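# Architecture at a glance
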Amino acid sequence: MEELEQWKEQLSHFCHLAMDRLREVPPNQLYAAAAIAIFTTLLLLAVKLLRRAKSNTIVLTGLGGGGKTVLFYQLRDGSTHQGTVTSMEPNEGTFILHSEKTRKGKIKPVHIVDVPGHSRLRPKLDEFLPQAAGIVFVVDALDFLPNCRAASEYLYDLLTKGSVVRKKIPVLILCNKTDKVTAHTKEFIRRQMEKEIDKLRTSRSAISAADIANEFTLGVPGEPFSFTQCSNKVTAADASGLTGEISQLEEFIREHVKQ
């Protein structure tokens, strides 16, 4: 009991000393210190909330016929839905990846959006980009060359969108159907798309600025275009929706949608 009383007396003494010191501080300084403390507290809370609200959305896009919808079903339930699926409306779902369903412990669901590749339906893409943690641009590796120009134009438009550039949303060029013998490699597809985008940069820079819908430009003036020049990370990977070989796609998803 005597020790407790001594602790109380010391605490009371320190409180009185603190109050005396505070009375010596000018009111303006006290107000400023209080304002700084409140601002710092609010800032820390905001940062914590933003981290907690980190997006779990992955957007699948690309030209029609590339196999986006089959990839969506493989991610969701490990099926191909008989292989050929044409979608005219976005497929959307929040689920645990099929390959992770047997894992123990807490697994974070992923929100996957498959946006149709038809040119008339591409404006729907803008509805999902602001929430995207990553973008998967699906390319048909089997029928690539006839569609190289169109795919490169679509990717160019995507990489110059303000919502993508400002947030530095990572982009994966996913070369699908690589199980076929005549499919092109991801290295070849990457190089060809860089060449096409380089041509697009030249042709579009010659057009009046009033006629260009793109919000940002790509590359470094005077140098051949490379995806390494983009402000956001652009990588390439292989996949086969029909055989279920989508491990590189899943790695990309889990890199940007953390557990």
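For clarity, every value in this text was computed on a predicted model and none was experimentally measured.

Counting residues in hydrophobic clusters, the biggest one holds 35 residues, and the most contacted among them are Phe137, Leu155, Met193 and Phe227. Within the residue set of this core, elements represented by two or more residues are helix H4 (125-128), strand E4 (132-140), helix H5 (144-159), strand E5 (171-176) and helix H7 (186-205). Examining the composition of this core, we find that eight residues originate from one element, H5, more than from any other. Apart from the residues lying within four places of it in its own chain, the contact partners of Phe227 are Leu155, Leu159, Ile173, Arg190, Met193, Glu194, Ile197 and Val234.

Attention now goes to the side chain of Asp114. Topologically, Asp114 is positioned in strand E3 (residues 110-114). In this structure the side chain of Asp114 is engaged in a polar contact, spanning 2.7 Å, whose partner is the side chain of Thr69.

A few words on the sheet that holds strand E1 (residues 57-62). Read from one edge to the other, the open sheet built from six strands follows the order E2-E3-E1-E4-E5-E6, with strand pairing classed as mixed. Every interior strand has two partners, whereas the edge strands, strand E2 (91-95) and strand E6 (234-238), have only one. Mean inter-strand twist for the sheet, computed between neighbouring axes without regard to direction, equals 20°. Of the pairings in the sheet, the one linking E1 to E3 comprises four bridges and is parallel in character. The residue of E3 that forms the bridge with Thr57 is His111. Across the sheet, helix H3 (residues 68-77) touches E1, E2, E3, E4 and E5, and the angle it forms with E2 is around 20°. Together, E1, E4, E5 and E6 form the strand contacts of H5, whose direction differs from that of E4 by roughly 165°.

In terms of burial, H3 is largely enclosed, as eight of its 10 residues are buried. Residues of H3 that are buried sit in contact with E1, E2, E3, E4, E5 and helix H8 (247-256).

Attention shifts here to the pairing of E1. Sheet faces and side chains relate simply in a regular strand, where the side chains alternate between the two faces. Taken across its six residues, E1 has six buried, putting it largely inside the fold. Of the two faces of E1, both are covered, the one formed by Thr57, Val59 and Thr61 as well as the one formed by Ile58, Leu60 and Gly62. Pairing of E1 with E4, which is carried by six bridges, proceeds in the parallel orientation. Residue pairing for E4: Thr57 is matched across the bridge by Ala132.

All chains considered together, the criterion is met by five aromatic pairs. Note on Phe137 and Tyr154: the rings are 5.4 Å apart at their centroids and 75° apart in plane angle, and the pair reads as edge-to-face. Here Phe137 is found in strand E4, whereas its partner Tyr154 is found in helix H5, with 17 residues between them in sequence. The exposure class assigned to Phe137 is buried, which follows from its relative accessible area of 0%. Here Tyr154 falls in the buried class, since its relative accessible area comes to 4%.

This paragraph deals with unusual backbone geometry. Although it is not a glycine, Lys168 sits at a positive phi angle of roughly 50°. Topologically, Lys168 is positioned in the loop between helix H6 (162-167) and E5. Of note in the backbone geometry, Lys177 takes a positive phi value of approximately 70° without being a glycine. Positionally, Lys177 belongs in the loop between E5 and H7.

Attention shifts here to H5. Here H5 contains 16 residues, and its C-alpha end-to-end distance of 20 Å is more than 12% below the 22 Å for a straight helix at 1.5 Å per residue. Taken together, the buried positions of H5 are Phe144, Cys148, Ala151, Ser152, Tyr154, Leu155, Tyr156, Leu158 and Leu159.

Scoring rules and cut-offs
- Residues numbered from 1 in each chain as written.
- Predicted model: local features only at pLDDT ≥ 70, side-chain atom pairs only at ≥ 80, totals over all residues.
- Heavy atoms only, no water.
- Core = buried A, V, L, I, M, F, W, Y, C linked by side-chain atoms within 4.5 Å.
- Buried < 20%, exposed > 50% of the residue type's maximum accessible area, 1.4 Å probe, protein only.
- Helix = DSSP H or I, 4+ residues; strand = E, 2+ residues; numbered from the N terminus.
- Contact = heavy atoms within 4.5 Å.
- Polar contact = N/O pair within 3.5 Å; in protein donor to acceptor, adjacent residues only side chain to side chain.
- Pairing = 2+ DSSP bridges.
- Axes fitted to C-alpha atoms, helices over the stretch in contact; angles between N-to-C directions.
- Phe/Tyr/Trp six-rings, centres within 6.5 Å; stacked < 30°, edge-to-face > 60°.
- Expected span 1.5 Å × (residues − 1).

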